[in-house]
Amino acid sequence: MSARTRSFSRYVFNNLQLLALRSSNSGLRTYPNRRFVSIPGRIDAVFVPTNQNPHFCVRSYCSGKNSKGNNEFTEEIEYLDESGSVIYIGKGIRSVEPGVDDHVMVGGLKQPFSNASAVAKIVEIVKRWKWGPEMETQLDKLQFVPNMIHITQALKITGDGDASLSLFRWAKRQSWYLPSDECYLALIDRLNQSRDFEGIHSVFDDLICDSTKTKVPEFNAFSRIVQYLAKAEKLEVSFCCFKKIQESGCKVDTKTYNSLITLFSDKGLPFKAFEIYENMEDSNCSLDKSTYELMIPNLAKSGRIDAALKLFQQMKEKSLQPGFTIFSSLIDSLGKAGRLDMAMRVYMEMQGLGIKPSATMFVSMIESYIKAGKLDTALKIWDEMKRARFRPNYGLYTMVVESHAKSGKLETAMSIFLEMEKSGFLPTPSTYSCLLEMHAANGQLDSAMKLYNSMNNAGVKPGMTTYTSLLTLLAKKKLLDVSAKILLEMKAIGYSVDITASDVLMVFIKDSSVDLALKWLRFLGSSGIRTNNFIIRQLFESCMKNGLYESAKPLLETYVDSSAKVDLILYTSILAHLVRCQEEQKEKHLMSILSATNHKAHKFMCGLFTGPEKRKQPVLAFVREFFQGIDYENEEGQTRYFVNVLLNYLVLMGQINRARCVWKVSYENKLFPKAIVFDQHIAWSLDVRNLSVGAALVAVVHTLHRFRKRMLYYGVVPRRIKLVTGPTLKIVVAQMLSSVESPFEVSKVVLRAPGDSVSEWFKKPIVQQFLLNEIPSRGDILMHKLNILFPSSAPEIRSLTPPKPLVGGRAM
C-alpha cells in the first residue's frame, strides 16, 4: 500500500471517529448503504458502506446475549476512497453492548477501554446534563461498565458540586458500587469548594450507612467532613456529626479534634472545647503541636492554669517547642492570678528560647505586678519594655503614675507623669486628681497648686474630690483667702459647693481656729452659700468652749431660727459652762444663751428658783411634773446627763433641799437603777461612781437619811454599809462625812463601816441635823473639790481641769 493510500486511510478513520461521536450524541439514524461497525480505540459506533441490506443498519453485539446466529462478523469490509477505489480490506470492528461489556472488539481481538477515555466520557455527560433523569439516562447508556475508579476520577474533575453529588447518587444505585474512602473524599472536597454544606451533611449520612454495612471504621472522610463543617462554623452540625462518628465506633484523627476545639473556642464556648479535648484524651488520640497551641491558651484563659502548665510540661517532654502564643497566654494568666513567681519563670524561659516579648506581654506583666503592689519589679519591666523600643501606651502611663501616687511614691509618680506629658499624652482628670490629692494629703501645698494650675491650663476640669482635697489642704494651712478664691471658681464651674464649704468650716473648727471659722462663715453668708445646722452647732460649741460667748449667741439664734431642735444635751452643755463660770459678766452672757435655746428645761430651771407663790406648787411636785414629761425611751441618757449637771449647779447655789428633790425624783424614775442596793441583813450599799460631784454629795446625804430611818425606826441593822465612790469622789465624800465624825473607813474606792457602828453614829444629834439638811458650819471643807469632775459637753466625759477656789457666797 502506498503512502498516499495510508494517509487517506488515516483520514477516513479520523472522520469516521468524528462521525461516531456525533451519532452518539444525536441518537441513532439510518443511512443507505451503510453498516454500523466499531472503530478501533473508540467507544462509539460508526457507519461504513456495505453491500448487504442497503436500506437500514444492523447492530450486532459481541456480548453473547444475542441468540440469532453467530455474533461475530466473518466478511471483510472494503474501505474506499473518494473515487470509489478500494484502499483497504479487512475484518470489521465489532460493536459491544452498552453497560455490559468492558471492552471493544478490534477484528477478532478484545481491546479494553482505557480509564482516561471512560472518565472523559463520564465527565462529558455530567458536565452537559448536570443532574436529573436525563443525565442518569445518558449514564445508563454508557457502552462500558464503569467502576469506582472511574467515578472517583470523574468527581475530581467535575467542577460543579450539584453535578458531583448527582453522579455519586447514580453510582450508589448501581450494582457495581463499592464504598470507597477516596471517592467520598473527592466528593466532599468538591462540595466544600462549592460551599454546599447541606450536601456534605447528606453525604455524611451515606458514609455512616456504608461504614456500618462494611464494618470499616477507618474512613478518612469522617474526619474531613467534621473539619469542613467546623471551619465553616457550622457548630451544631459539626458537633452532631462528631457524636455520630463516636457512636458508630469510627475513629477521628487529631486534625479533626483540633478543628472542633478551634470552633468552640472561637464561639466563646471554652468548656465545650474542653469536653472535646477530654474525648480526645479518652480515645488515646495523639496530641500534636497544634493541639497544644490550642489547649494551653484556652485552659490558661479560663482559669485552669494548673492543667495548662501540665500540658506545657508535656509539650516540652515531647521535644515540641512552645510558640509565642503559649508563652503569652501563660504569662498573662499567671500574672492575673497573682502567681507572679511562676509567671516570671515562664517569662525567663521564653527569653532563653530567643522569643522576644510583645508590647501586650509587657503591659500584662506590668499591670500584674502593679496590682500586686510590687512597684519596684513593675518599674524594672517598664524599663525593659522601653529598652526593647516599645512605647508605653496611654493606659499604661496612667496606671503606673496613679499606682505610684497612691503608694506615696510621689517623686517617681511625678517623674513618669512628666515623661507622659513629653510623650504627647494628655493626662486624664483621674491622673491629675490622683496626683493632686496625694500631694494634698502629704501637705505638699506648692506641688498641689502647680498641678491645679496645670489642670486649668490643660483645660481639664477638676472633680469634686480634687477640689475637696485641695480646699482641705488650704484650710489646714489656714489660707482662707486662697480657699475662698478656689471655692468661687468651683461654684462658677457649676459644682454644688455647700457641702465642700461646710467641710472647710469643719477643718477650721477641728483645728480650733474659731476666728477663721467665724470669718469663713461670714464669707459663706456673703457669697450666698449655705451650711447645715450640724456645722452651726459644732461652731457654736467651739465658741462656747473657747469662751467666745458673744459670738456664740448669734450662732445659737441662727440655729434656732432654722427650725433646728435644741436638745437636752445642748442645753445641759450650756448649763455646764455656767456651773464652771466664775465671772459675773460671762454669767450674764450664759444666762442669755440659755434663754435663747427656748428649751423646756430652761423654763423648769426658772420655775425651780422662784418662790412657791409664783410656782403655785411645792418643789417636789414641780420636779415630778417636769420629769413626767420626759420621753425616757429616747432621752434617758440625756436626762441623766442633765441631772448630774443640775445637781452640781444646785449644790453650788446652796439649794440643798431642791437638789434632794431632784435626786429623789430621778431615783424614782430609775435614772440610776443600781445606785442603791439592799442585801437584807448582810450589806447595804450606795454606788455614786457614775455621778457628778454635786450629785454624789446629795445622793450620799439623801441615802444615809434613808438608811437611818430604816435602821432606827424599823430596827434592821445590816452587817456592813458601803459607799462605792471610785478613786476621785472618795476624797470629797470622806471629807464631808469626816466633818460629822463618821465611822466610815476609806479604802481604794470604797468607804465602808460596820452596821452597828453606823447605827450608833445615826443616833447623834449632829448627824440628825446634817441628814435633815442642816448646813454645817464648815462648808468650805466639804465643797473644795466640787469643780473637779464637772461634766463637759458630752454626758459621759468629765472635765479634768484643776480645782477652782470656791466663791464664799456659794459655800454650803
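Reading the values: the criteria
- Residues numbered from 1 in each chain as written.
- Predicted model: local features only at pLDDT ≥ 70, side-chain atom pairs only at ≥ 80, totals over all residues.
- Heavy atoms only, no water.
- UniProt positions renumbered as here; feature names shortened; annotations may be inferred.
- Helix = DSSP H or I, 4+ residues; strand = E, 2+ residues; numbered from the N terminus.
- Contact = heavy atoms within 4.5 Å.
- Areas by Shrake-Rupley, 256 points an atom, 1.4 Å probe, with all protein chains shown as cover.
- Phe/Tyr/Trp six-rings, centres within 6.5 Å; stacked < 30°, edge-to-face > 60°.
- Expected span 1.5 Å × (residues − 1).
- Buried < 20%, exposed > 50% of the residue type's maximum accessible area, 1.4 Å probe, protein only.
- Salt bridge = Lys/Arg side-chain N within 4 Å of Asp/Glu carboxyl O.
- Patch = residues over 30% accessible without salt bridge, like charges linked within 9 Å, V, L, I, M, F, W, Y side chains within 5 Å.
- Lys, Arg positive; Asp, Glu negative; His and termini not counted.
- Charge placed at Lys NZ, Arg CZ, Asp CG, Glu CD.
- Axes fitted to C-alpha atoms, helices over the stretch in contact; angles between N-to-C directions.
- Parallel < 35°, antiparallel > 145°, perpendicular 65-115°, else oblique.
- Left-handed = near helix turned anticlockwise from the far one by under 90°.
- Nonpolar A, V, L, I, M, F, W, Y, C, P; charged D, E, K, R; others polar.
- Core = buried A, V, L, I, M, F, W, Y, C linked by side-chain atoms within 4.5 Å.
- Arc of directions from axis to C-beta.
- Pairing = 2+ DSSP bridges.
- Right-handed = clockwise from strand over helix to strand, strands pointing away.

Where an unreviewed UniProt entry is consulted, the chain appears under the name Smr domain-containing protein, with the organism given as Lactuca virosa. UniProt, in the comment section headed Sequence similarities (unreviewed entry), describes the chain in these words: "Belongs to the PPR family. P subfamily."

## Considering the overall build of the chain
Check the secondary structure of the chain and you find 39 helices and 11 strands. A separation threshold of at least 6 residues defines the contact pool for the chain, and within that pool the share at least 24 residues apart is 62%. Approximately 40400 Å² of the chain is accessible, and the part contributed by carbon and sulfur atoms is 51%.

## Some points on the packing of aromatic side chains
Enumeration over the complete set of coordinates arrives at 20 aromatic pairs. Judged by centre distance (5.8 Å) and plane angle (55°), the rings of F362 and F390 are tilted. With a gap of 28 residues between them, F362 in helix α16 (residues 359-371) and F390 in the loop between α17 (375-387) and α18 (394-406) connect regions that are remote in the sequence. Taken together, a centroid distance of 5.3 Å and an interplanar angle of 25° make the contact between W663 and F672 stacked.

## Quick notes on helix α5 (residues 161-172)
Residues spaced three or four apart along an α-helix point in a common direction, a consequence of the helix completing one turn every 3.6 residues. Between the first and last C-alpha of α5 there are 16 Å, a value that for 12 residues agrees with the 16 Å anticipated at 1.5 Å per step. The buried count for α5 comes to 9 of 12 residues, which makes it a mostly enclosed element.

## Some thoughts on the pattern of salt bridges
Enumeration over the complete set of coordinates arrives at 13 salt bridges. Of the charged contacts, one joins K409 and D376 as a salt bridge, the two residues approaching to 3.3 Å between their closest N and O atoms. Within this pair, whereas K409 is found in the loop between α18 and α19 (410-422), its partner D376 is found in helix α17, the two being separated by 33 residues in sequence. A relative accessible area of 33% means that K409 is categorised as partly exposed. Look at D376 and you get exposed, because its relative accessible area is 51%. For R537, the salt bridge is made with D567, and the minimal N-O distance between the two is 3.2 Å. Remark: D567 occurs in the loop between α27 (549-561) and α28 (568-580) and R537 occurs in helix α26 (residues 533-545); sequence separation between them is 30 residues. Accessibility assignment for this pair places R537 and D567 in one class, buried.

## Observations regarding the side chain of S513
One can find S513 in the loop between α24 (498-510) and α25 (514-526). Dropping the residues within four chain positions of it, S513 is found in contact with K478 and F508.

## A short note on a positive patch on the surface
Side chains of K664, R706, K709 and R710 sit close together on the surface and give a patch of like positive charge. Tracing the backbone shows K709 in helix α35 (residues 693-714). Residue class for K709 comes out partly exposed when judged on its relative accessible area of 39%.

## Quick notes on the packing of helix α32 (residues 619-628) against helix α34 (residues 656-668)
α34 packs onto α32 with a crossing angle of 40° between their chain directions and a minimal axis gap of 9 Å. Judged on the interaxial angle alone, α34 and α32 are oblique. For the pair α32 and α34, the sense of crossing is right-handed. Only R658, C661, V662, K664, V665, S666 and E668 of α34 make contact with α32, whose side of the interface consists of V619, L620, V623, R624 and F627. Taken together, the residues that form the contact of α32 with α34 break down as 7 nonpolar, 1 polar and 4 charged.

## Let's talk about the nonpolar core
Counting 177 residues, the largest nonpolar core has L487, W520, F627, L737 and F744 as the members making the most contacts within it. Once residues within four sequence positions are removed from consideration, F744 is found in contact with L704, I721, L723, L737, L751, R752, A753, V758 and W761. With 37 residues, the next largest nonpolar core counts L139, L167, W176 and L187 among its residues.

## Details of helix α37 (residues 755-762)
Turning to α37, its buried residues number three or more, namely G755, V758, S759, W761 and F762. The buried side chains of α37 occupy one side of the element, clustering within an arc of 160° when seen end-on. In this structure, the buried side of α37 is in contact with α35, β9 (720-724), α36 (726-738), β11 (750-754) and α38 (765-771).

## Quick word on the sheet that holds strand β10 (residues 745-746)
Strands sit in the order β7-β8-β9-β11-β10 across an open sheet of 5 strands; the sheet is mixed. Both edges of this open sheet fall to β7 (676-679) and β10, since each of them pairs with a single strand only. The strands touched by α35 are β7, β8 (683-687) and β9; relative to β8, the strand with the most contacts, the crossing angle is about 165°. Packing of α37 onto the sheet brings it into contact with β9 and β11, and relative to β11 it is tilted by some 85°.

## Examining the pairing of β9
Bridging between β8 and β9 involves 5 bridges; their strand directions are parallel. Counterpart to A683 in the pairing with β9 is R720. In terms of handedness, the path from β8 via α35 over to β9 forms a crossover that is right-handed. Relative to β11, β9 runs antiparallel, the two being bridged by 5 bridges. Note that in β11 the partner of R720 across the bridge is P754.

## Some remarks on the environment of A576
Positionally, A576 belongs in helix α28. Taking relative accessible area as the criterion, A576 reaches 1% and is therefore assigned buried. With 68 residues separating them in the primary sequence, A576 and N644 have C-alpha atoms 9.6 Å apart.

## Quick look at a nonpolar patch on the surface
A cluster of nonpolar residues, L80, V86 and I89, forms a patch on the protein surface that exposes about 230 Å² of accessible area. When you line up the elements, I89 lands in strand β4 (residues 86-91). For I89, a relative accessible area of 42% corresponds to the partly exposed category.

## Description of unusual backbone geometry
Leaving glycine aside, a negative phi is the common case for residues, and trans is the common case for peptide bonds. Here the phi dihedral of K478 falls at roughly 60°; this positive angle occurs in a residue that is not glycine. Counting through the fold element by element, K478 comes out in the loop between α22 (464-476) and α23 (480-493).

## A word on the UniProt feature "repeat: PPR" (unreviewed entry) in the chain
Cross-referencing UniProt, the feature "repeat: PPR" (unreviewed entry) maps to residues 253-287, 288-322, 323-357, 358-392, 393-427 and 428-462 in the present numbering. Between the C-alpha atoms that bound residues 358-392 there is a distance of 12 Å. The span itself is 74% helix and 0% strand. Between the end C-alpha atoms of residues 393-427 the distance is 12 Å, and the span holds 74% helix and 0% strand.

## So, the pairing of β11
Looking along a regular strand, one sees the side chains alternate between the two faces of the sheet. Summarising the sheet, β10 and β11 pair through 2 bridges and their orientation is antiparallel. When the sheet's bridge partners are listed, E745 is paired in β11 with R752. Counting the residues that bridge the hairpin from β10 to β11 gives 3 residues.

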